[in-house]
Amino acid sequence: MNKTEFIAAVAAKEGLEKKTAEKAVNAVIACIGDALASGDKIQIAGFGTFEVRERAAKTARQPQNRRRPSMSPHARFPLSRPAKVLKTRLQS
């Protein structure tokens, strides 16, 4: 399911116009992005958790050129984990 299909499903489920559902979906996505950019952790009961993790810099080697080690930079990346309730729904 892509974003357009998701918006159509939300509109159909709640009896909304597609434009209204699109505004709501975009607002939720923007709020999650803003919170992650500021370093906050988001927990939505029954849905999941969104947070930013940090990976330390480390030394790595190129397989083609084993003599020259290169540095993998320090990185921040978003992480999402589904809620336990959602996991059980997916398994059944």
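As a convention, each chain's residues are numbered from 1 in the sequence order in which they are written. The predicted origin of the model limits local features to residues at a pLDDT of at least 70 and limits the giving and counting of side-chain atom pairs to 80 or more, whereas totals for whole chains, interfaces and linings rest on all residues. Where side-chain values are given, they derive from all heavy atoms of the structure, hydrogens and water being excluded.

Draft legend 1. Structural context of the environment of Gln64. On the secondary structure map, Gln64 appears in the loop between β3 (58–61) and β4 (69–72). In this structure Gln64 comes out as exposed when scored by relative accessible area, which is 71%. Secondary structure elements follow DSSP: runs of H or I of four or more residues count as helices, runs of E of two or more count as strands, with numbering from the N terminus. Each residue gets one of three labels from its accessible area relative to the maximum for its type: buried under 20%, exposed over 50%, partly exposed in between, using a 1.4 Å probe on protein chains only.

Draft legend 2. Structural context of the sheet that holds strand β1 (residues 42–44). Strand order in this open sheet of three strands is β1-β2-β5, and the pairing throughout is antiparallel. On the outer flanks of this sheet lie β1 and β5 (75–82), each paired with one strand and no other. In this sheet, adjacent strand axes meet at a mean angle of 25° when their direction is disregarded. At least two DSSP bridges between two strands are needed for those strands to be called paired. Pairing of strand β2 (residues 48–55) with β5, which is carried by eight bridges, proceeds in the antiparallel orientation. When the bridges of β5 are listed, Phe50 appears paired with Ser80. Sitting on the sheet, helix α2 (residues 18–37) touches β1, β2 and β5, and the angle it makes with β2 is about 35°. The convention used is that axes are lines fitted to C-alpha atoms, helices contributing only their stretch in contact, and that angles between N-to-C directions extend from 0 to 180 degrees. By definition in these notes, contact holds between two residues if any of their heavy atoms fall within 4.5 Å.

Draft legend 3. How the structure looks around the layout of surface pockets. Definitions used for this entry: grid spacing 1 Å over protein atoms alone; cavity, a set of points where a 1.4 Å probe fits but cannot get out; pocket, an open set with protein on both sides within 12 Å along at least 5 of 7 lines; lining residue, one with an atom within 4 Å of a point. Grid points are joined across faces, edges and corners, and a volume is the space filled by probe spheres set on the points. One number sums up the size of the largest pocket: a volume of about 400 Å³. Along the wall of the largest pocket there are 12 residues; nearest its centre are Phe6, Val28, Ile32, Phe47 and Phe50. Elements that contribute at least two residues to the lining of the largest pocket include exactly α1 (3–14), α2 and α3 (84–91). With five residues, the single largest contributor to the lining of the largest pocket is α2. Grouping the constituent residues of the lining of the largest pocket by class yields 11 nonpolar, no polar and one charged. Amino acids are sorted into nonpolar (Ala, Val, Leu, Ile, Met, Phe, Trp, Tyr, Cys and Pro), charged (Asp, Glu, Lys and Arg) and polar (every other residue, Gly among them).

Draft legend 4. Structural context of α2. Every helix has an expected span of 1.5 Å times one less than the residues it contains. Compared with an ideal rise of 1.5 Å per residue, which puts 20 residues at 28 Å, α2 spans 28 Å between its outermost C-alpha atoms and is within 8% of the ideal. Buried within α2 we find Ala21, Val25, Ile32, Ala35 and Leu36. In an axial view of α2, the angular spread of the buried residues amounts to 110°, which keeps them on one side of the axis. Those residues of α2 that are exposed and angled more than 90 degrees off the buried face are Lys19, Lys23, Cys31, Asp34 and Ala37. Packing partners of the buried residues in α2 comprise α1, β1, β2 and β5. Regarding the arc, it is the one traced by the directions from the helix axis to the C-beta atoms.

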